[in-house]
Amino acid sequence: MAQQHNPLTSFYRAPKLYAKLPSLGQYYSADIVEMPENGELPIFAMTAKDELLMKNPDALLNGEAVVQVIKSCVPNVKNASKMLSADVDTLLVAIQGATFGDDLEVTGTCDKCSSEARGIASVERALETMQVLEEEYEVAHSGLIILVKPFSYTSTIKAGITNFQSTRSLQALADVPDEMERLSLFNNNFKQIAALNFSLIVDSVSSVSFTDEEGEEQTVTDRNHITEFLDNADSKIGKSIEDKIAELNSIGINHEMKMQCEKCQDDDGEPVVFESRVNFDPVNFFTAS
Ligand SMILES: [Zn+2]
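The rules behind each value
Residues numbered from 1 in each chain as written. Predicted model: local features only at pLDDT ≥ 70, side-chain atom pairs only at ≥ 80, totals over all residues. Heavy atoms only, no water. Donors = N, O, S within 2.8 Å, 3.2 Å for Na, K, Ca; no water. Tetrahedral: all angles 85-135°; square planar, octahedral: opposite > 155°, others 65-115°. Helix = DSSP H or I, 4+ residues; strand = E, 2+ residues; numbered from the N terminus. Buried < 20%, exposed > 50% of the residue type's maximum accessible area, 1.4 Å probe, protein only. Pairing = 2+ DSSP bridges. Expected span 1.5 Å × (residues − 1). Salt bridge = Lys/Arg side-chain N within 4 Å of Asp/Glu carboxyl O.

**What about the coordination of the zinc ion?**
The reference angle at a metal is 109.5 degrees if four donors form a tetrahedron and 90 or 180 degrees if six donors form an octahedron. Coordination of the zinc ion by the protein comes from Cys-110 (SG), Cys-113 (SG), Cys-261 (SG) and Cys-264 (SG), over a distance range of 2.3 to 2.4 Å. Coordination at the zinc ion is tetrahedral: its four donor atoms span angles of 99 to 116 degrees at the metal. In primary-sequence terms, the residues that donate to the zinc ion follow C-x2-C-x147-C-x2-C. In this pair, Cys-113 is assigned in the loop between strand 3 (103-109) and strand 4 (116-122) and Cys-261 in strand 9 (residues 256-265), connecting sequence segments 148 residues apart. Residue Cys-261 is classed as buried on the basis of its relative accessible area, which comes to 2%.

**Topic: the environment of Leu-52**
Structurally, Leu-52 is set in helix 1 (residues 48-53). Given the relative accessible area of 62%, Leu-52 is considered exposed. Along the backbone, Leu-52 and Ala-65 are 13 residues apart, and their C-alpha atoms lie at a distance of 9.3 Å.

**Digging into the pairing of strand 8 (residues 217-220)**
Where strand 7 (residues 205-211) meets strand 8, four bridges bridge the pair, whose relative direction is antiparallel. Bridging across to strand 8, Ser-209 finds its partner in Thr-219. Between strand 7 and strand 8, which pair antiparallel and follow one another directly, the connecting turn spans five residues, one of which, Gly-215, has a positive phi of 85 degrees.

**Regarding helix 6 (residues 153-173)**
Taking 1.5 Å as the rise per residue, helix 6 with 21 residues should run 30 Å; its terminal C-alpha atoms sit 30 Å apart, in good agreement. Within helix 6 the residues assigned to the buried category are Tyr-153, Ser-155, Ile-157, Ala-159, Gly-160, Thr-162, Phe-164, Ser-166 and Leu-173.

**Remarks on the pattern of salt bridges**
A full pass over the atoms with the stated rule returns six salt bridges. Salt-bridge contacts for Glu-34 lead to Lys-78; the nearest nitrogen and oxygen are separated by 4.0 Å. In this pair, Glu-34 sits in the loop between strand 1 (17-19) and strand 2 (41-43) while Lys-78 sits in the loop between helix 3 (64-73) and helix 4 (85-100), placing the two residues 44 residues apart along the sequence. The class for Glu-34 is partly exposed, based on a relative accessible area of 40%. For Lys-78, a relative accessible area of 37% corresponds to the partly exposed category.

Here it is as structure tokens:
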């Protein structure tokens, strides 16, 4: 039996806007993102099913909701979990713009009275002012050239889950009556966070190169060798890699925004304006609350 043509197809979603990626998508193979020639991805509004998925705490925490919703709203993206975090971040802002319009309600904390202030961010402006990201960056230290890359979305999810669990177990600590047991649980928690940070750094290092005694350039890409090296290297090397990664992770959508506090006034009686870091990522929305 032939499939009957659905007379409703002309009412299906059409792209609402087009967005570039901080990475410009140039390092992705077609099984991750099929990049159009002009580098602009068509963005569709969320369906009712997508919106429901974005309200499911478990699916948000493990990244499944974001991956599914991107697949639905940005058909060119085949596997969002393999993308850079900055690109996923940008797509989420674009999807919110395609679904709810250009004005995005954001919140920030006033430096003066610590109360929560609300502001409006423009999706279009956020996309226009986005910074471009390269695939790899160099850290030079003690004769070594270390190539680092920005966080993948998988790393961000890993960090989100660990932070969430850590917050949970620290909250539970208050109910443990024995002080020694409390201390030991606290230490375990600390170790878990340290292990997470170490694995995130390892994930971000793509190679380590140096010139050997014969003057030949050697490049190490073996994951085990890199892990072992970082485990045994001078803490200054670890620190410069960490600093570089932190710098890279701030590239992409600009999260700094000027906001107004309704409750505070400056000396001239005008509302206090402050600079705040605005979070567009629904995963962090959830883990932060
Ligand atoms: Zn205030």
